[in-house]
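Descriptive analysis of the structure
Okay, here's what each chain looks like letter by letter:
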Amino acid sequence: MDTDLYDEFGNYIGPELDSDEDDDELGRETKDLDEMDDDDDDDDIGDHDDDHPGMEVVLHEDKKYYPTAEEVYGPEVETIVQEEDTQPLTEPIIKPVKTKKFTLMEQTLPVTVYEMDFLADLMDNSELIRNVTLCGHLHHGKTHPEIRKRYDQDVLTTLCFFQRGVGIKSTPVTVVLPDTKGKSYLFNIMDTPGHVNFSDEVTAGLRISDGVVLFIDAAEGVMLNTERLIKHAVQERLAVTVCINKIDRLILELKLPPTDAYYKLRHIVDEVNGLISMYSTDENLILSPLLGNVCFSSSQYSICFTLGSFAKIYADTFGDINYQEFAKRLWGDIYFNPKTRKFTKKAPTSSSQRSFVEFILEPLYKILAQVVGDVDTSLPRTLDELGIHLTKEELKLNIRPLLRLVCKKFFGEFTGSNVLVQFFLTLQWRVDVVEATPCPLFQGPLMCHTTKMYSTDDGVQFHAFGRVLSGTIHAGQPVKVLGENYTLEDEEDSQICTVGRLWISVARYHIEVNRVPAGNWVLIEGVDQPIVKTATITEPRGNEEAQIFRPLKFNTTSVIKIAVEPVNPSELPKMLDGLRKVNKSYPSLTTKVEESGEHVILGTGELYLDCVMHDLRKMYSEIDIKVADPVVTFCETVVETSSLKCFAETPNKKNKITMIAEPLEKGLAEDIENEVVQITWNRKKLGEFFQTKYDWDLLAARSIWAFGPDATGPNILVDDTLPSEVDKALLGSVKDSIVQGFQWGTREGPLCDELIRNVKFKILDAVVAQEPLHRGGGQIIPTARRVVYSAFLMATPRLMEPYYFVEVQAPADCVSAVYTVLARRRGHVTQDAPIPGSPLYTIKAFIPAIDSFGFETDLRTHTQGQAFSLSVFHHWQIVPGDPLDKSIVIRPLEPQPAPHLAREFMIKTRRRKGLSEDVSISKFFDDPMLLELAKQDVVLNYPM
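Quick look at the structure, then. Because the structure is a prediction, the values reported are computed rather than measured. (Residues numbered from 1 in each chain as written. Predicted model: local features only at pLDDT ≥ 70, side-chain atom pairs only at ≥ 80, totals over all residues. Heavy atoms only, no water.)

Notes on the overall build of the protein chain
For the protein chain, the count of helices and strands is 29 helices and 35 strands. Evaluated residue by residue, the protein chain yields a buried proportion of 50% over its 944 residues. The contacts in the protein chain between residues at least 6 apart in sequence include a share of 72% that link residues at least 24 apart. (Helix = DSSP H or I, 4+ residues; strand = E, 2+ residues; numbered from the N terminus. Buried < 20%, exposed > 50% of the residue type's maximum accessible area, 1.4 Å probe, protein only. Contact = heavy atoms within 4.5 Å.)

Given below as structure tokens:
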């Protein structure tokens, strides 16, 4: 290689040139040529610069291909240059406009059998308005396909509904329905989910309704949720009616003989009445087909009748029958004697059928049997006798559509609505509503109670849904929105808002109105910002004395919790906004931030939280969210009385409080939570309750200071001091501070920051400073909390975990598999029994909530998908083992034996919350107290 051709860096420079003189000559020649050219140019244009642009060699980086931004836009414009393209190739430069749509809504008002103006006019007449909730167990036929077909109103609005095949949100529908005489009534109907996880939606619907239609599947009978709904409706003091649905299953699926079908139906009615009498004090509340508050239906085949409407078919066919009197003899042990043509209580012959079987079930069986069995030969003849005319094409239909058509013609065009109207003709306004509102309602001040929030199609904002209870609400008027924490003393939770538009909600479309008078349901725009769950909307001025409607009281507890965080930490604000929105959307959902900074969502069950997470990810925040494994909330309790009196001194050493802790009597915590007893009662009444029901002595019963951590909290603070030893006046002056300390302590227990439950704290002694300066809240509150903790830790503390009640339906051959699955998860069966008149078994069991994750899937796997289970929170139970036993070693990734569980749960909960690994006792005990412990030689396995 010739090294002369390259420089020292290895760059090619080429061979030496011959001589400089040659260059000069070349240069001169070109120069002369240039000058000649220049002269020519000068002649043309005039003077020109010597250095000619465009001919010299310009380096690549100095070349100017485009004008600068300053040249294009002028000197005053700020320009930013991006070195590289930050937009990924997957994103289009100009994005198409994306509209988010999460609900199926009609764009225009559909055609209905009545004018919208007529519906709006009916709203002014409160006598013609009925507010009803349809509820029932899962898949018992609430979302009635008949109503949908007849009135062109599909009740299923959320897309989630279709994907899961189960209702998630309660849907309000307002329709005009005629009674049997053709008189129109305005029905506000709330269609609710049947899954027990979503019972909070039912609660929201019941609050604004006057009556309930309870749907019960004729083949399955009274199920888990049916029972809970009866209890709930009775507690809310609503009128209850029952629709026994799917009676075709008794005939076509279970193939029961008519007499057995009657027994099955009667068994359902008796069971419902048994439950009502158990929960209700009202003797007159009874359900029976004879009273017209039980109807029988099969929505798939357009069958719907009461005894009255079936008797009317007889009257229309045979003439002069008093159908009301006839109907009274169609249920119970009443027989028809064909010889004397009279009804008797005794069977005339051994083979006689009861009147219900003879006059109702047998004709029904015959019609169904003819259609299913012998379509070609005997069906036309039978139909002629009944006066039903079908064309040749109609007779060629498949069995189901044909059956539907025949039943529709036999029972008349959709009798269901007429039956519903007949039920509720006598329906009064709710007792508690009437007691609270003076008549006439339209002239009264505006009071509107909103119980639910519905998000708009795109999930950006919410509309409040509620019932106007007095006055009239107008679009565009200013109103005062009172939140759940509003009281006359503390008015912070209130805000003046302006109402936007108002709508009447009809599931898939809304009818816009400019005012809504009392007695109606309304969807309100523009007031959603201050409302979280429920609210009270009233006049902005002049109605200062208005109290709020009490917040919803759910019949279940949210015990399952998941922690969430965004995958991309910078998207935290988006997630927080999404959490705020799901919190509005789901009535019983709770969201909170733990001390460690994790965001926690509390819900009633797996399906519930699954729906919440779907909404959070897809509708409300549209970001990727990580979810921790689900856990449950625990409670802390004691099982013995404190081993010694625990005292604590205030930081200034001038006050000293002494307490002990002991467990409450069995059932008392539940009574407090269910508001059987209330702290707001006067002392005498409160004392009597505790003396008679729980055998407290007079002194203790009269000196109950507070429940904790709130007015319905399952702990009690009792003043057990004697006037001879303690200055009661001084103690009374710090009562509020001690109560606050007690409530703070019971809200966050010492074991793992969870609620304390089922504990009675007794104040035994108190030394209180004379000067008010030395006994302020800052001194007393933390001390009271510390003494609550020390008394608690001295009384053998234990953890409590939530237990689920599980109801499993399975065929007989799968029952053993259900036992196996339950046993693996610390569950135990309480009852298994066959469902009368069907091949299935019902198994009732208890299972700890923390072991219930994935239970349903597990169950389906072990029974080849034949078992179906539903679970709902039932009670709290003590976790086996001592949470403070230091000898227990927790090995990672190993299942712990039962006695170690309490320790494991406590340590893992503490880790998750970012607390120290173990409960340190010196935090809660003063030095003098520790000396006292040493003196009494109390063996403690606590770390100091």
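Examining helix α26 (residues 815-824)
Inspection of α26 places Val 815, Ala 817, Val 818, Val 821 and Leu 822 among the buried residues, and these make up the whole buried set. Projected onto a plane normal to the axis of α26, the buried residues spread over an arc of 155° and lie on a single side. Exposed side of α26, more than 90 degrees from the buried face: Ser 816, Ala 823 and Arg 824 are the residues found there. (Arc of directions from axis to C-beta.)

Describing a nonpolar patch on the surface
Taken together, the side chains of Val 72, Tyr 73 and Val 77 present a nonpolar region at the surface, about 310 Å² in accessible area. As for its position among the elements, Val 77 is in the loop between α2 (69-73) and α3 (116-122). Residue classification places Val 77 among the partly exposed positions, given a relative accessible area of 44%. (Patch = residues over 30% accessible without salt bridge, like charges linked within 9 Å, V, L, I, M, F, W, Y side chains within 5 Å. Areas by Shrake-Rupley, 256 points an atom, 1.4 Å probe, with all protein chains shown as cover. Salt bridge = Lys/Arg side-chain N within 4 Å of Asp/Glu carboxyl O.)

With respect to helix α21 (residues 683-694)
Look at α21: 16 Å from first C-alpha to last across twelve residues, which is about the 16 Å you get at 1.5 Å a residue. Three or more residues of α21 are buried, namely Leu 686, Gly 687, Phe 689, Phe 690 and Tyr 694. The arc that holds every buried residue of α21, seen down its axis, measures 155°, which confines them to one face. In α21, the exposed residues that point more than 90 degrees away from the buried face are Lys 684 and Thr 692. Check the buried side of α21 and you find it contacts α20 (668-673), α22 (698-702), β28 (704-708) and β29 (715-719). (Expected span 1.5 Å × (residues − 1).)

Focus: the pattern of salt bridges
By the definition in use, this model includes 38 salt bridges. In this structure, Asp 217 engages Lys 246 in a salt bridge whose closest nitrogen and oxygen atoms are separated by 3.7 Å. Taken together, the positions of Asp 217 in strand β4 (residues 211-217) and Lys 246 in the loop between β5 (239-245) and α8 (248-253) put the pair 29 residues apart, joining distant regions of the chain. Judged by its relative accessible area of 23%, Lys 246 falls in the partly exposed class. Residue Glu 670 pairs with Arg 757 through a salt bridge whose shortest N-O separation is 3.5 Å. One end of the pair, Glu 670, is in helix α20; the other, Arg 757, is in the loop between β30 (755-756) and β31 (759-767), and 87 residues separate them in sequence. The class of Arg 757 is buried, set by a relative accessible area of 4%.

Here's the deal with the packing of aromatic side chains
Describing an aromatic ring pair means giving the distance of the ring centres and the angle of the ring planes. Overall, the coordinates contain 36 aromatic pairs when judged by the stated rule. Ring geometry for Tyr 262 and Trp 331: centres 5.2 Å apart, planes at 65°, overall edge-to-face. Taken as a pair, Tyr 262 in helix α9 (residues 258-279) and Trp 331 in the loop between α11 (323-328) and β8 (335-337) lie far apart in primary sequence, 69 residues in all. A centroid spacing of 4.6 Å and a plane angle of 45° characterise the contact between Phe 690 and Trp 696, whose relative ring orientation is tilted. The same class applies to Phe 690 and to Trp 696, which are both buried. Directly above the aromatic system of Tyr 586 lies the positively charged group of Lys 169, at a separation of 3.4 Å from the ring centroid. Lys 452 extends its terminal NZ or CZ atom over the ring of Tyr 454, reaching a point 4.9 Å from the ring centre. (Phe/Tyr/Trp six-rings, centres within 6.5 Å; stacked < 30°, edge-to-face > 60°. Lys NZ or Arg CZ within 6 Å of the ring centre and 35° of its normal.)

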